[in-house]
There are 2 protein chains.
Amino acid sequence: MDERPIGVFDSGVGGLTVARALIDLMPNESILYFGDSARGPYGPRRSEEVRLFSTQIAEFLVSEGVKMIVIACNSASSAALDAVRAVSDDVPVLEVVLPAVRAAVKATRNRRIGVIGTALTVSSGAYDAAVAGTKENVSLMSAACPRFVEFVERGETSGEEVVELGREYLAPLQAADVDTLILGCTHYPLLSGVIHFVMGHDVVLISSADETARDAYALLTERGAFREKDGSPEHRFISSGDAALFQALGTRFLGPEIGAVQERLLGGVR
Amino acid sequence: MDERPIGVFDSGVGGLTVARALIDLMPNESILYFGDSARGPYGPRRSEEVRLFSTQIAEFLVSEGVKMIVIACNSASSAALDAVRAVSDDVPVLEVVLPAVRAAVKATRNRRIGVIGTALTVSSGAYDAAVAGTKENVSLMSAACPRFVEFVERGETSGEEVVELGREYLAPLQAADVDTLILGCTHYPLLSGVIHFVMGHDVVLISSADETARDAYALLTERGAFREKDGSPEHRFISSGDAALFQALGTRFLGPEIGAVQERLLGGVR
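This structure is a prediction, so every number in the text was calculated from the model and none was measured. Sequence order as written defines the numbering, with residues in each chain counted from 1. The naming scheme follows written order: chains are lettered A onward, ligands numbered 1 onward. Only residues with pLDDT of 70 or above have their local features reported here, since the model is predicted, and side-chain atom pairs are shown and tallied only from 80 upward, although totals for entire chains, interfaces and linings are computed over all residues. Hydrogens and water are ignored here; the side-chain numbers use all heavy atoms of the structure.

On to the domain arrangement of chain A. Residue and element names in this part refer to chain A. Domain delimitation follows an automatic or database domain assignment. In terms of domain boundaries, chain A breaks down into domain 1 (6-95 + 210-263) and domain 2 (97-208). Facing 24 residues of domain 1, the contacting portion of domain 2 comprises 24 residues. Each salt bridge in this description consists of a side-chain nitrogen of Lys or Arg and a carboxyl oxygen of Asp or Glu lying within 4 Å of one another. The tally of links between domain 1 and domain 2 comes to one salt bridge. Here a polar contact means two N or O atoms within 3.5 Å. Within protein one must be a hydrogen donor candidate and the other an acceptor candidate, and residues neighboring in sequence count only if both atoms are side-chain atoms. Here domain 1 is connected to domain 2 by 15 residue pairs in polar contact (both at pLDDT 80 or more). Contacts between residues were defined by any pair of non-hydrogen atoms, one from each residue, lying within 4.5 Å.

Contacts between the two partners involve 79 residues from chain B and, on the opposite side, 79 residues from chain A. Counting across the chain B and chain A interface gives four salt bridges. Between Asp202 of chain B and Lys106 of chain A there is a salt bridge, with the nearest N and O atoms lying 3.2 Å from each other. Seen at the junction of chain B and chain A, the total is 22 residue pairs in polar contact (both at pLDDT 80 or more). A run of DSSP states H or I qualifies as a helix once it reaches four residues; a run of E qualifies as a strand once it reaches two. Both are numbered from the N-terminal end. Ranked by residue count, the leading element in the side of chain B that touches chain A is helix α10 (residues 208-223) of chain B, at eight residues. For this scheme, ten residues count as nonpolar: Ala, Val, Leu, Ile, Met, Phe, Trp, Tyr, Cys and Pro. Four count as charged, namely Asp, Glu, Lys and Arg, and the remainder, Gly too, count as polar. Residues of the side of chain B that touches chain A, tallied by class, amount to 34 nonpolar, 22 polar and 23 charged. A pair of strands is considered paired only if DSSP assigns at least 2 bridges between the two. Examined bridge by bridge, strand β9 (residues 236-239) of chain A and strand β10 (residues 261-263) of chain B share three bridges and lie parallel to one another. Counted as the bridge partner of Ile238 of chain A is Gln262 of chain B from β10 of chain B.

Residue and element names in this part refer to chain A. A pair of aromatic rings is counted whenever rings of Phe, Tyr or Trp (Trp by its six-membered ring) have centres within 6.5 Å, and the orientation is called stacked for planes under 30 degrees apart, edge-to-face for over 60 and tilted otherwise. This structure, assessed with the given rule, holds 14 aromatic pairs over all chains. Both rings, one in Tyr33 and one in Phe237, keep their centres 6.3 Å apart while their planes meet at 45°; by these two values the pair is tilted. Separated by 204 residues along the polypeptide, Tyr33 in strand β2 (residues 31-35) and Phe237 in strand β9 bring together distant segments of the chain. This pair shows no difference in class: Tyr33 is buried, exactly as Phe237 is. Taking the centre distance of 5.9 Å and the plane angle of 45° together, the rings of Tyr42 and Phe53 count as tilted. Here Tyr42, found in the loop between β2 and α2 (47-63), pairs with Phe53, found in helix α2; they are eleven residues apart in sequence, far enough to count as distant. Type-normalised accessible area, obtained with a 1.4 Å probe on protein chains alone, sets the label of each residue: buried when under 20%, exposed when over 50%, and partly exposed for intermediate values. For Phe53, a relative accessible area of 1% gives the class buried. Taken together, the aromatic side chains of Tyr33, Phe237 and Phe246 make up a single cluster linked through ring pairs.

Following this line, the structure appears as structure tokens:
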């Protein structure tokens, strides 16, 4: 048993899709989330900056007593994993690239995988390196989709404009005949409607949020490091930027809220 | 443009995983959710009862002016799809079996698919029929996991007991060497940690909630039937059972809530 929270960080609110996947699978675990909204998004940043910011956050999370760190940001996973591990002492560090790649190489049938992400994620070559590391004979095709994030953040995940943008960004991946596509940015699960619509039923979408949460679950199971069953979890959300903005935007990523529930009996049969 | 809400129903709170997937992909859409908690779960019910209850709910949703009905319950999808369509006039009806089956037959590499669900879902043969309907040369192995629902509903999704139960339920599917597993009950996405832990990295998990939401997205895109972009969506949750219980339990399925957000600047770099 280990009562400490799981530390999760991202350049902003996007990593909340990972936090939510963790909470879904482990509803008794406490989450300490840090969103670096003041300095995010990391996508357009230089990798030295992303390494600096990521190690600062990791040191903060370690000082707050987390039992695990999840880098819930593809850009930071790509640029800063080793640096974060170096400052995290014996706290295990998970990230979002490898879990998704491992799932994708298993899911592909024609051995052609695609990945979409920010400019930094794509140019970092982190996905190429991770695919090479699996020793599987698959080819990887990458495409940067820089404007997707802004559409998600303003809640515009349907309609002609985003579908048109999706067609444009995804055309090279369709031309490359990928049958499996990694959503290589934590914002993109919220765009899986348009991505699925454009790519069609034959393409399997891999969410790094879900895959990473499953890895975290396995790690805590192997170590017997879950919290006691009966204690209520305590989630903390910390932003380097404006708290009100984080809360407003973050709700879309973490999940909607159930308001008042009406009671209504139908048919009278129990 | 079509301002009407999307109707979603289930025998209780489980279908909220589908509602959430819909809200994730289409944050501007309004949801009218009916949970038949007073008469659920449907899993142990006779199929005639499930058909009666489902048509009552569909008639209610149509009378409330929904633009689409999503049967967010595997038992009801299995037992009552035709009956629901018969009472829904020209309102399109989606369900959760076919989208998951279609994704699974695409994802399998060794042509061996598994499905887990309630006793009614498994005994109904709905998944066998749906697989046969794809005309794909795949074999389907089913396993009923009746006790999974109670574990999810009391929030016990980790720990030795549920892992042991998972091992027991999933052993026949492992022996059958399935490489793709359909989570054939709306509660099960919340157990994908334990299911993934037991089945291992080589098995692709298919969530009917995600697949169904993508189908709903495609349908509304093709019909140009989304709401206006700028109107705030209004979600309504109706239960035939106790509203307070629905709300307490439902929050786990629909998503956690962001409480107060703290602001904190690290490193002073912007």
